[in-house]
Amino acid sequence: MRANSIKQLFRKQQCALGGWCSVGSPYSAELMGHGGFDTVVVDLQHGMIFIEQAMTMLAALSSTPAMPMVRVSENHFFEINKLLDAGAYGVICPMIDDAAAARRFVSACRYPPAGTRSYGPTRGFLYGGPDYFSGANDEILALGMIETPLGLANVDEIAATDGLDGLFIGPADLSLALGISPVPDWRAGPLAKAIDDILASARRHGKLAGIFCTSVPFAQDMKKKGFDYINLGNEAAYIRAASQEWVSALKGTAVDSTKASGY
Ligand code: 3PY
Ligand code: MG
């Protein structure tokens, strides 16, 4: 079976860079896939993307060097199974609150006896290869998001979950969980401490640590901290930023950076 490039980078202790699709289009997914990222995530939670579009985007991504991943809309067995069958090589699950939720998520990603995933990797074969079944439980990446008050309180029991490959921080929801603005201030205050605590928990349990970053300085700081997987905004933010920059240059007006955040 095709090796999971993110797992390989993690084993070599090299940082993986992620791109993120929130526009429901196979063409934009393909463009992102050729953008130099190690992986590109199709976001079914907050992205303007539904399951049929996600299938075409996963197909488009598999023609590029970037490993196709998804963020599912919730911890839902059917949706996770369907997207894995469609060729997703990694799943990010939002709002994991405790070890029970983490176990349910991992179980949906793994074939028996390790889990309860149902068999039928229709498109998964095309991307993963004919020996998909023998390698899937090892190659498919399962990342649980820490971004709720309960998730933060229970981070150690979540990180200890067997078969969970890593923790992924959603800084906007995590900020809300801490009672602060969802525009993340990663440099100081409660979010900075929570990021350090989650990273330390991942390290204690030998798990990968990832984070969604909304700007280049944010991403650079997280790289310095030693995160294994750093996601660089999303393509909607790139479109907003580049169009503002071009239009402002021609109109001679200032760029309003508040309109080009990473969400
Ligand atoms: C968050 O910041 O809450 C996220 O889920 C990132 O997409
Ligand atoms: Mg979130």
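See the structure shown above.
Let me begin by describing the structure that accompanies this report. None of these values were measured; they are calculated from a predicted model. (Residues numbered from 1 in each chain as written. Chains lettered and ligands numbered in written order. Predicted model: local features only at pLDDT ≥ 70, side-chain atom pairs only at ≥ 80, totals over all residues. Heavy atoms only, no water.)

## Overview of the coordination of the magnesium ion (ligand 2)
In step 1: The protein atoms that coordinate the magnesium ion (ligand 2) are Glu147 (OE) and Asp173 (OD), at distances spanning 2.1 Å. Of this pair, Glu147 sits in the loop between strand S5 (141-146) and helix H8 (149-153) while Asp173 sits in helix H10 (residues 171-177), and the two are 26 residues apart along the sequence. In terms of burial, Glu147 and Asp173 fall into one category: buried. (Donors = N, O, S within 2.8 Å, 3.2 Å for Na, K, Ca; no water. Helix = DSSP H or I, 4+ residues; strand = E, 2+ residues; numbered from the N terminus. Buried < 20%, exposed > 50% of the residue type's maximum accessible area, 1.4 Å probe, protein only.)

## Points about the pairing of strand S4 (residues 90-93)
In step 1: Alternating positions in S4 separate into two faces, Gly90 and Ile92 on one and Val91 and Cys93 on the other, with burial throughout.
In step 2: Of the pairings in the sheet, the one linking strand S3 (residues 67-71) to S4 comprises three bridges and is parallel in character. Paired with Val70 across the strands is Val91, a residue of S4.
In step 3: Bridge analysis of S4 against S5 gives four bridges, and the strand direction is parallel. Bridge pairing in S5 places Val91 opposite Ala142. (Pairing = 2+ DSSP bridges.)

## Description of the side chain of Thr148
In step 1: Take Thr148: it is sitting in the loop between S5 and H8.
In step 2: Here Thr148 falls in the buried class, since its relative accessible area comes to 9%.
In step 3: A distance of 2.6 Å separates polar atoms of two side chains, one belonging to Thr148 and the other to Asp97.
In step 4: Those residues in contact with Thr148 that sit more than four places away from it in its chain are Met95, Ile96, Asp97 and Ala177. (Polar contact = N/O pair within 3.5 Å; in protein donor to acceptor, adjacent residues only side chain to side chain. Contact = heavy atoms within 4.5 Å.)

## Focus: the packing of helix H2 (residues 26-33) against helix H3 (residues 51-61)
In step 1: At their nearest, the axes of H2 and H3 sit 8 Å apart, and the two run at 30° to each other. Considering the relative orientation of H2 and H3, their crossing is right-handed. Two secondary-structure elements touch here, H2 through Pro26, Ala29, Glu30 and Gly33 and H3 through Thr56, Met57, Ala60 and Leu61.
In step 2: Counted by class, the contact of H2 with H3 contains five nonpolar, two polar and one charged residues. (Axes fitted to C-alpha atoms, helices over the stretch in contact; angles between N-to-C directions. Left-handed = near helix turned anticlockwise from the far one by under 90°. Nonpolar A, V, L, I, M, F, W, Y, C, P; charged D, E, K, R; others polar.)

## Observations concerning a nonpolar patch on the surface
In step 1: A surface patch of nonpolar side chains, about 450 Å² in accessible area, is lined by Tyr119, Phe125, Leu126 and Phe133.
In step 2: By the element assignment, Phe133 lies in helix H7 (residues 132-139).
In step 3: The partly exposed category is assigned to Phe133, whose relative accessible area is 47%. (Patch = residues over 30% accessible without salt bridge, like charges linked within 9 Å, V, L, I, M, F, W, Y side chains within 5 Å. Areas by Shrake-Rupley, 256 points an atom, 1.4 Å probe, with all protein chains shown as cover. Salt bridge = Lys/Arg side-chain N within 4 Å of Asp/Glu carboxyl O.)

## What about unusual backbone geometry?
In step 1: Here the amide bond leading from Pro112 into Pro113 is cis, since omega sits at 5°, within 30 degrees of zero.
In step 2: With respect to the helices and strands, Pro113 occurs in the loop between helix H5 (99-109) and helix H6 (124-128).
In step 3: In the Ramachandran plot, Gln13 falls in the positive-phi region, its phi being about 55° despite a non-glycine side chain.
In step 4: Gln13 sits in the exposed class, given a relative accessible area of 72%.
In step 5: Its identity as a non-glycine residue notwithstanding, Met95 has a phi of 50°, on the positive side.
In step 6: Structurally, Met95 can be placed in the loop between S4 and H5.

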